[in-house]
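Observations on chain architecture
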Amino acid sequence: MKILMIAVNDPAGTGIAFCRAVNRLDRKNRHTARIVTLETRYTHAWGKDLHVPDLLGPDGDEAGLAELEHLLKTSDVLHFHMTADEHLRLGPFLPADYLAGKAVVHHEHGHHDFRSDPERFRAKYRALGRKNLLVSTPDLLRMMPEARWQPNLVHEHEPLFRPVERVWTGPLKVAHSPTRKDLKNTDDLLAVVDELGREGLNVDLDLIDNVPNSECLARKQQAHVLFDHMQGYYGVSSLEGLSQGLAVIAGLDEWNRSHVAEFAGVSSEGGDLPWVVARGRDELARRLRELAGDLPRCREIGAASRRFVEERWSEAKVAGRLAEFWDAL
């Protein structure tokens, strides 16, 4: 099957990551995947495939536009990310003109428009008879229970996603890379770090903001701990930190833990899931005190994080789940 992913902007680089994984790992050549995007946001410099502004830029790219038109005509599946749909204009092309004979997928990633009014999207999909629905994290199943959860992935064998040698003496190094600080509990983290500092406990916080993704990942690799957020679920940042062998703090609630455990094939109880759970400011302070006071334990947690990705959340496993979804269309 030929898959064409379509997005306004690629959410956290997940679309291009899926395309690369599927194209690299699908050794039976069942699927090929491409992605076309309309905008870039922030300065994270995730990879691009067919990026409409590049095709229409001052120098133009007639060959690229012809390739996009060919893909719109010949793809078996149009796979829309986030708020994109067939009415998203891609330069001179409108996907609505190419729907005949194609399967259509809608893949929600927790955009604030969806979170604020999921019923609007559900009603739209019902009216259009769209049943091929994906969500990127388990919490979104509460908002769209008819969808299937498709985990995101990281390429665990790429150098930037591998553990590196770190100095395991104090102070505790904590990395945090919020795309939007208001959604990532950044103020809570800053308050806790300040509180611990007043107690005499030095925490070296690297607040990574508005830099290319490659620099972000390289800085995370040097940390001991990654703080994701405390919104009840996990983000792509969690997966990056787990793959890099960090102790990853996130506020996973029981709903998310149970779905993650089911996918991973482990128990949601005990220590089978690698996340260090903190669901509020006081608990976050306790977790950071514990990790700062026992760096060998912090190192063990990071090693378990890496094993979890290798054994339970590998790129091959996650990409295979998406390929199986396409197979059933």
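Above this text is the structure in question.
Here is what the cut-offs are and how they apply
Residues numbered from 1 in each chain as written. Predicted model: local features only at pLDDT ≥ 70, side-chain atom pairs only at ≥ 80, totals over all residues. Heavy atoms only, no water. Helix = DSSP H or I, 4+ residues; strand = E, 2+ residues; numbered from the N terminus. Rg over C-alpha atoms; globule rule 2.2 N^0.38 Å. Buried < 20%, exposed > 50% of the residue type's maximum accessible area, 1.4 Å probe, protein only. Contact = heavy atoms within 4.5 Å. Areas by Shrake-Rupley, 256 points an atom, 1.4 Å probe, with all protein chains shown as cover. Lys, Arg positive; Asp, Glu negative; His and termini not counted. Charge placed at Lys NZ, Arg CZ, Asp CG, Glu CD. Salt bridge = Lys/Arg side-chain N within 4 Å of Asp/Glu carboxyl O. Pairing = 2+ DSSP bridges. Polar contact = N/O pair within 3.5 Å; in protein donor to acceptor, adjacent residues only side chain to side chain.

1. Examining the overall build of the chain
If you tally the helices and strands in the chain, you get 12 helices and 12 strands. Against the globule reference of 20 Å for 329 residues, the chain gives a C-alpha radius of gyration of 21 Å, in line with a compact fold. Projected onto its principal axes, the C-alpha coordinates of the chain cover approximately 65 × 45 × 40 Å. For the chain, the proportion of its 329 residues judged to be buried stands at 53%. Long-range contacts, defined as pairs at least 24 residues apart, comprise 72% of the intrachain contacts of the chain with a sequence gap of at least 6. Accessible area of the chain: about 14,500 Å², with a carbon and sulfur share of 48%. In the chain, 43 side chains carry a positive charge and 50 a negative one; their mean positions are 3 Å apart.

2. Looking at helix α8 (residues 236-243)
With eight of eight residues buried, α8 lies mostly within the body of the structure. Along its buried surface, α8 packs onto α1 (14-25), α7 (213-221), β10 (225-227), β11 (247-250) and α11 (295-312). At the C-terminal side of α8, glycine 245 shows a positive phi close to 80 degrees.

3. Quick word on the pattern of salt bridges
According to the stated counting rule, one finds 28 salt bridges in the structure shown. The closest approach of N and O atoms between glutamate 199 and arginine 289, which form a salt bridge, is 2.8 Å. Note that glutamate 199 is positioned in the loop between α6 (186-198) and β9 (203-207) and arginine 289 in helix α10 (residues 281-292), a separation of 90 residues in sequence. Within this structure, Glu119, Arg122, Arg126 and Glu146 form a network of salt bridges that share partners.

4. So, the pairing of strand β5 (residues 103-108)
Burial analysis of β5 places six of its six residues in the buried class, the great majority of the element. Bridge analysis of strand β4 (residues 77-81) against β5 gives five bridges, and the strand direction is parallel. Looking at β5, one finds that valine 77 is bridged to alanine 103. By the bridge criterion, three bridges tie β5 to strand β6 (residues 133-135) in an arrangement that is parallel. Its bridge partner being in β6, histidine 107 is matched across the sheet by leucine 134.

5. Considering the side chain of histidine 106
Within the secondary structure layout, histidine 106 lies in strand β5. Among residues more than four places away in sequence, those in contact with histidine 106 are Phe80, Ala84, Asp85, Tyr125, Arg130, Asn132, Leu133 and Leu134.

6. Here's the deal with the environment of glutamate 86
Tracing the chain through its elements places glutamate 86 in the loop between β4 and β5. Sequence-wise, glutamate 86 and serine 238 are 152 residues apart; in three dimensions their C-alpha atoms are separated by 32 Å. If we skip the residues at most four places from it in the chain, glutamate 86 touches Phe80, Leu94, Pro95, Ala96, Leu99, Leu128 and Arg130. At 2.8 Å, the side chain of glutamate 86 and the side chain of arginine 130 are in polar contact.

7. Quick word on unusual backbone geometry
Residue proline 171 is bonded to the preceding glycine 170 through a cis peptide linkage, with omega at 0 degrees. Note on placement: proline 171 falls in the loop between β7 (148-149) and β8 (172-176). Positive phi values are uncommon outside glycine, yet asparagine 185 reaches one of about 60 degrees. Mapped onto the elements of the fold, asparagine 185 is located in the loop between β8 and α6. Residue asparagine 185 is classed as buried on the basis of its relative accessible area, which comes to 13%.

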